[in-house]
Amino acid sequence: MTQEVRQVDEVSQIPEITKQIEGINQDVGQGRGVYISTYGCQMNVNDTERMYSLLEMQNFAPVDKPEDASLIIINSCSVREKPVHKVYSEVGTFRKMKEKNPDLRIGVGGCVGQQEKENLIKNQPMIDFVFGTDQIDSLPYLVADSFMDREKRISAKFQHRAPYHIETMVRNPGVATFVNITKGCDNFCTFCVVPYTRGREKSRPLQHILTDIRHLVKRGMKEVTLLGQNVNSYSDSDVDFADLMAKVATETEVERIRFTTSHPKDFNQKLADTMAKHQDKIMEYIHLPFQSGSTRVLERMNRIYTREEYLEKIAMLRKSIPNVVFSTDIIVGFPGETEEDFQDTMKMVQEGGFETIFAFKYSPRPFTKAAKFEDQISEEVKTERLNRLFDMHDKMSFELVKRYEGQILKVLVENTDREEGKVHGRSTGNKLVHLKGTPDLIGKTVDVRITRAFPATFHGELVQ
Ligand code: SAH
Ligand code: SF4
Ligand code: F3S
């Protein structure tokens, strides 16, 4: 058993996992490698870490290439565009390996597993087992059974009643890592599959989160990102998200706090004030998806805010935190979106002054209301609008980031660059900054003067 697994055992307040693993066949992974292929959001990246940790307890050895594995897991994402197809095509690439090695087991987890369940096995017999997003802790059992009898298995029930009690299982937390605080989503935006693939929204108990962060700090973590589909609706008895952030800032030794993703409807003055008060620790960066600049479209999306309300929140936050940096998510070509609606989205990008945007063509998802709307937009129009949006934003962001040149930013150094003699890290506003430096800078926060600023990366020099 590795040192990392012992670290997990230390989280004494949350012992369910180590208890659950008792009585399970710990020899099953002996001499076998495991490879996990991960798609989607940070939640999935975290889930993959959890899967590796659980499987290491069964003595599976993580490997870097699927060819070296006896167990391959696809941790899938269903948020946009042909996700089921992606799973089948990846499984197809393992065909030769499966023919050569009948011992090889292939499992599918994540949001496509949750969504498709037995259909995956019916359509692709090379898949041995499927498990849902609430069933990660049953993975060791599924795997052991699969190696023993080759029966196909599906485990995709939601644990609706069970409290959200997990510990963060990361094998190598590094300088910056993620800690889940909520899971699931109850917002039911009409375009989004997440409420169906992640289930009802639940928050972890405050004390569990604080314990996790303290342990990760002991293992070298300097920066934590609090993670959830909708973090700012966090609630544990009378503790809300602002209270949680204040507690993390004052009751743990973590140096930096980030969070993602927040919903505009749950961003209030109290949260802005908390961010301002703890600015030494809470980073001045907010990812705040607006999705559409047209109130008419926002209503059909069930986003529960208008264009004006969103812009008011931005103004409120800029007033409370003068250097705050925003990024956003945008959907173009939502059903019924007119050229005028789209122009409102283009204007919103300019008015919000977003240096970074994540924009997507609307993609109809199973179970969702918008997939049944009759006024779907053609692929050509979606593509043309997306290109126009990116063209406009590219020009705009080049101009916007020029203001950073000559500024001194506080950068937490995360790692060495591929280019020798260089390191990189992130500023308080979440800008990726490259600078000359040696590995001993990793984990340190340093002052960096920005010499060149491009939309995606900055270059700078250490201020002695
Ligand atoms: N919980 C986050 C978003 C999670 S999904 C929030 O509420 O902001 C990440 C992003 O994917 C969304 O913000 C949205 O822009 C995009 N997205 C979700 N469903 C989509 C769909 N059906 N088609 C295109 N983009 C979608
Ligand atoms: Fe999806 Fe909306 Fe929930 Fe975000 S808030 S996960 S977009 S339903
Ligand atoms: Fe994808 Fe599921 Fe995350 S659909 S974006 S992996 S919550």
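Each value, and the rule that gives it
- Residues numbered from 1 in each chain as written.
- Chains lettered and ligands numbered in written order.
- Predicted model: local features only at pLDDT ≥ 70, side-chain atom pairs only at ≥ 80, totals over all residues.
- Heavy atoms only, no water.
- Helix = DSSP H or I, 4+ residues; strand = E, 2+ residues; numbered from the N terminus.
- Buried < 20%, exposed > 50% of the residue type's maximum accessible area, 1.4 Å probe, protein only.
- Contact = heavy atoms within 4.5 Å.
- Areas by Shrake-Rupley, 256 points an atom, 1.4 Å probe, with all protein chains shown as cover.
- pLDDT = per-residue confidence, 0-100.
- Near = heavy atom within 4 Å.
- Nonpolar A, V, L, I, M, F, W, Y, C, P; charged D, E, K, R; others polar.
- Pairing = 2+ DSSP bridges.
- Axes fitted to C-alpha atoms, helices over the stretch in contact; angles between N-to-C directions.
- Parallel < 35°, antiparallel > 145°, perpendicular 65-115°, else oblique.
- Domains from an automatic or database assignment.
- Core = buried A, V, L, I, M, F, W, Y, C linked by side-chain atoms within 4.5 Å.
- Right-handed = clockwise from strand over helix to strand, strands pointing away.
- Phe/Tyr/Trp six-rings, centres within 6.5 Å; stacked < 30°, edge-to-face > 60°.
- Lys NZ or Arg CZ within 6 Å of the ring centre and 35° of its normal.

A. A look at the overall build of the protein chain. Within the protein chain one finds 16 helices and 21 strands. Projected onto the principal axes, the alpha-carbon positions of the protein chain cover approximately 60 × 60 × 50 Å. Residues classed as buried in the protein chain amount to 55% of the 464 residues present. Sequence-distant contacts in the protein chain: of pairs separated by 6 or more residues, those separated by 24 or more amount to 74%. Here the protein chain has roughly 20400 Å² of accessible surface; of this, 49% comes from carbon and sulfur atoms.

B. Spatial organisation of helix 8 (residues 139-149). All buried positions along helix 8 are accounted for by Leu139, Pro140, Leu142, Val143, Ala144, Ser146 and Phe147. In the segment just after helix 8, arginine 150 is the residue with positive phi, at about 65°.

C. Here's a closer look at the confidence of the model for the protein chain. Mean pLDDT over the protein chain stands at 93; residues scoring 70 or higher make up 95%. Note on residues 1-19: pLDDT is under 50 here. Beyond four places in sequence and across chains, it has 37 contacts.

D. Just the environment of isoleucine 74, in detail. Residue placement: isoleucine 74 occurs in strand 3 (residues 71-76). Placed 36 residues apart in sequence, isoleucine 74 and glycine 110 show a C-alpha to C-alpha distance of 7.8 Å. Beyond its immediate chain neighbours, meaning those up to four positions away, isoleucine 74 contacts Ser37, Tyr39, Val87, Glu90, Val91, Phe94, Gly107, Val108 and Gly109.

E. Examining the site of ligand 2 more closely. In the vicinity of ligand 2, the contacting residues are Cys185, Asn187, Phe188, Cys189, Phe191, Cys192, Val194, Pro195, Gln229, His263 and Arg303. Taken together, the residues of the shell around ligand 2 break down into seven nonpolar, three polar and one charged.

F. Spatial organisation of the sheet that holds strand 1 (residues 33-38). As summarised here, the arrangement of the six strands in space is 2-1-3-4-5-6, forming an open sheet in which the pairing is parallel. Lying at the two open borders of the sheet, with one neighbouring strand each, are strand 2 (61-62) and strand 6 (153-155). Bridge count for strand 5 (residues 129-131) against strand 6 is three bridges, and the pairing is parallel. Bridged to phenylalanine 129 within strand 6 is arginine 153. Set on the sheet, helix 4 (residues 83-93) makes contact with strand 1, strand 3 and strand 4 (105-109); between it and strand 3 the angle comes to about 165°. The strands that helix 8 touches are strand 3, strand 4, strand 5 and strand 6; relative to strand 5, the one it contacts most, it runs at about 170°.

G. Spatial organisation of the packing of helix 11 (residues 241-251) against helix 12 (residues 269-277). Packing of helix 11 against helix 12 brings their axes to within 9 Å, and their N-to-C directions diverge by 10°. In this view, helix 11 runs roughly parallel relative to helix 12, as classed from their interaxial angle. From helix 11, Phe241, Ala242, Asp243, Met245 and Ala246 reach across to helix 12, where they touch Lys270, Leu271, Thr274 and Met275. Looking at side-chain class alone, the contact of helix 11 with helix 12 contains six nonpolar, one polar and two charged residues.

H. Inspection of the sheet that holds strand 21 (residues 458-462) at higher detail. Here five strands make up a closed barrel; going around it, the order is 17-18-19-21-20 and the pairing mixed. Within the sheet, the average angular offset between the axes of one strand and its neighbour, ignoring direction, is 50°. Across five bridges, strand 17 (residues 408-416) lies against strand 20 (residues 445-453) in antiparallel orientation. Each residue of the ladder has a partner; that of leucine 412, found in strand 20, is threonine 445.

I. Representation of the domain arrangement of the protein chain within the structure. Taken domain by domain, the protein chain consists of domain 1 (5-155), domain 2 (163-283), domain 3 (285-401) and domain 4 (405-462). The straight-line distance from the C-alpha centre of domain 1 to that of domain 4 is 36 Å.

J. Main features of the nonpolar core. Core analysis: the largest hydrophobic core is formed by 65 residues, its most contacted members being Leu226, Phe241, Leu244, Phe259 and Leu389. When residues of this core are sorted by domain, at least three fall in each of domain 2 (163-283) and domain 3 (285-401). In contact with leucine 226, other than residues within four places in its own chain, are Val179, Ile181, Ile213, Val231, Phe241, Leu244, Met245, Ile257, Arg258, Phe259 and Thr260.

K. Representation of the pairing of strand 1. The element strand 1 is extensively covered by neighbouring structure, given that five of its six residues are classed as buried. As paired elements, strand 1 and strand 2 share two bridges and run parallel to each other. Across the sheet, valine 34 pairs through a bridge with proline 62, a residue of strand 2. In this view, the connection linking strand 1 to its parallel neighbour strand 2 by way of helix 3 (residues 42-57) has right-handed handedness. Inspection of the sheet shows strand 1 paired to strand 3 by five bridges, in the parallel sense. Its bridge partner being in strand 3, isoleucine 36 is matched across the sheet by isoleucine 73.

L. Highlighting the packing of aromatic side chains. Applying the stated criterion to the full structure yields 14 aromatic pairs. Measuring from centroid to centroid gives 6.5 Å for phenylalanine 191 and phenylalanine 334, while their planes differ by 85°, and the two rings are edge-to-face. Of this pair, phenylalanine 191 sits in the loop between strand 8 (182-183) and helix 9 (194-198) while phenylalanine 334 sits in the loop between strand 15 (325-332) and helix 15 (339-352); the two residues are 143 residues apart in sequence, bridging distant segments of the chain. For phenylalanine 334, a relative accessible area of 0% gives the class buried. Ring geometry for tyrosine 196 versus phenylalanine 367: centroids 5.5 Å apart, planes at 40°, classification tilted. A residue pair is termed long-range when its members are at least 10 positions apart, and tyrosine 196 in helix 9 and phenylalanine 367 in the loop between strand 16 (356-361) and helix 16 (379-401) qualify at 171 residues. Of the aromatic side chains, those joined through ring pairs into one cluster are Phe191, Phe334, Tyr362 and Phe373. Between the NZ or CZ atom of arginine 171 and the centre of the ring of tyrosine 52, over which it lies, the distance is 4.2 Å. Seen from the ring of phenylalanine 373, arginine 300 lies directly overhead, with NZ or CZ sitting 4.6 Å from the centre.

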